[in-house]
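One-letter residues, chain by chain:
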Amino acid sequence: DVTAFIASNHGPTSLAIIGEDATQESLHTLSSEVPRTEGGSLRMDPDTGEIIVIGKSSMGQEFEVAGLDANFEVAWKKSFRPLSDGSLRPYWPQALMKINDYFLLAFMARDDNAGFSSDWGNAHLAVLSSDYDHLETVQVSFYDPPEGGQRPGIARKGDQLLLTMDRNVQPVVFPIRLN
């Protein structure tokens, strides 16, 4: 098992590999082809060893998914538009979970002209195929501007999914029953 952190904040994207003693074993500066990861997701596939990165696209309405090989180079890349409503900007695709042959991706979205405060918005849950093709998206929270939430997360026990988010520095939990 390996623990890793990925970050890019207005500069190059870096991948830090963390050792068993909780110290940084290595730090890798990644190609500019890797999606922007402010609030993005990182998944190390246990079956293939591939590192999957989901982040922002240079196109404001899309997310990008990239698979990194053993040398941390981009082996493949694709993008998808998680929302059909062009007035909403998706951001922070930071909670990714594999369930059977699908992936669930929690993210935030907002209409930048609606008057939301700071980086607040509403939580959404996208369903992706095993090849990271977008299948559908469901809006989970329905806050009116200027209120909203931020920093989505997901956890699962059996057929119960919990989508969490931060709202006014307080945790909010949305239970979702999986089929």
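Just above sits the structure.
The structure presented is a predicted model; accordingly, all values stated were derived computationally and were not measured.

Peer 1: Help me out: how do you make sense of the overall build of the protein chain in this one?
Peer 2: Looking only at helices and strands, the protein chain has zero helices and 14 strands in total. For 179 residues, the compact-globule formula gives about 16 Å, and the C-alpha radius of gyration of the protein chain, at 16 Å, lands near that figure. When the backbone C-alpha atoms are referred to their principal axes, the protein chain occupies close to 45 × 40 × 30 Å. Within the protein chain, buried positions represent 44% of all 179 residues. When contacts within the protein chain are restricted to residue pairs at least 6 apart in sequence, long-range pairs at least 24 apart make up 40% of them. Of the roughly 9,600 Å² of accessible surface on the protein chain, 47% is carried by carbon and sulfur atoms. Computing the positive centroid from 14 side-chain charges and the negative centroid from 25, the protein chain places the two 5 Å apart.

Peer 1: Looking at this model, I keep getting lost on the nonpolar core. Mind explaining?
Peer 2: Formed by 20 residues in total, the largest nonpolar core has its most connected members in Leu125, Ile154, Leu161 and Leu163. Elements with a minimum of two residues in this core: strand 8 (89-99), strand 9 (102-110), strand 10 (122-129), strand 13 (160-167) and strand 14 (170-177). Looking at this core, the element that brings in the most residues is strand 8, giving five residues. What Leu125 contacts, discounting residues up to four positions off in sequence, is Leu104, Leu105, Ala106, Glu136, Thr137, Val138, Val140, Ile154, Leu161, Leu163 and Ile176. Residues Phe63, Phe80, Leu88 and Phe103 belong to the second largest nonpolar core, which totals 15 residues.

Peer 1: I tried to follow the layout of surface pockets on my own but got confused; where do I start?
Peer 2: Gaps left between atoms are located by rolling a probe of water-molecule size over the structure's atoms. Estimated volume of the largest pocket: approximately 380 Å³. What lines the largest pocket is a set of 15 residues, and nearest its centre among them are Leu104, Val127, Arg177, Leu178 and Asn179. If you list the elements that add at least two residues to the lining of the largest pocket, you get strand 9, strand 10, strand 11 (134-139) and strand 14.

Peer 1: In this structure, what is going on with the packing of aromatic side chains? I would like to understand it.
Peer 2: Ring pairs (aromatic) are described by centroid distance and by the angle formed between their planes. For the structure shown, the criterion picks out five aromatic pairs. Considering the side-chain rings of Tyr91 and Trp92, the 5.2 Å spacing of their centres and the 65° angle between planes classify their relative orientation as edge-to-face. Assessed through its relative accessible area of 4%, Tyr91 is described here as buried. Taking the centre distance of 4.5 Å and the plane angle of 20° together, the rings of Phe103 and Tyr132 count as stacked. A residue pair is termed long-range when its members are at least 10 positions apart, and Phe103 in strand 9 and Tyr132 in the loop between strand 10 and strand 11 qualify at 29 residues. These aromatic residues form a ring-pair network of at least three members: Phe63, Phe80 and Phe107.

Reading the values: rules and limits
- Residues numbered from 1 in each chain as written.
- Predicted model: local features only at pLDDT ≥ 70, side-chain atom pairs only at ≥ 80, totals over all residues.
- Heavy atoms only, no water.
- Helix = DSSP H or I, 4+ residues; strand = E, 2+ residues; numbered from the N terminus.
- Rg over C-alpha atoms; globule rule 2.2 N^0.38 Å.
- Buried < 20%, exposed > 50% of the residue type's maximum accessible area, 1.4 Å probe, protein only.
- Contact = heavy atoms within 4.5 Å.
- Areas by Shrake-Rupley, 256 points an atom, 1.4 Å probe, with all protein chains shown as cover.
- Lys, Arg positive; Asp, Glu negative; His and termini not counted.
- Charge placed at Lys NZ, Arg CZ, Asp CG, Glu CD.
- Core = buried A, V, L, I, M, F, W, Y, C linked by side-chain atoms within 4.5 Å.
- 1 Å grid on protein atoms, 1.4 Å probe; cavity = no way out; pocket = protein on both sides within 12 Å on 5 of 7 lines; lining within 4 Å.
- Points joined across faces, edges and corners; volume = space filled by probe spheres on them.
- Phe/Tyr/Trp six-rings, centres within 6.5 Å; stacked < 30°, edge-to-face > 60°.

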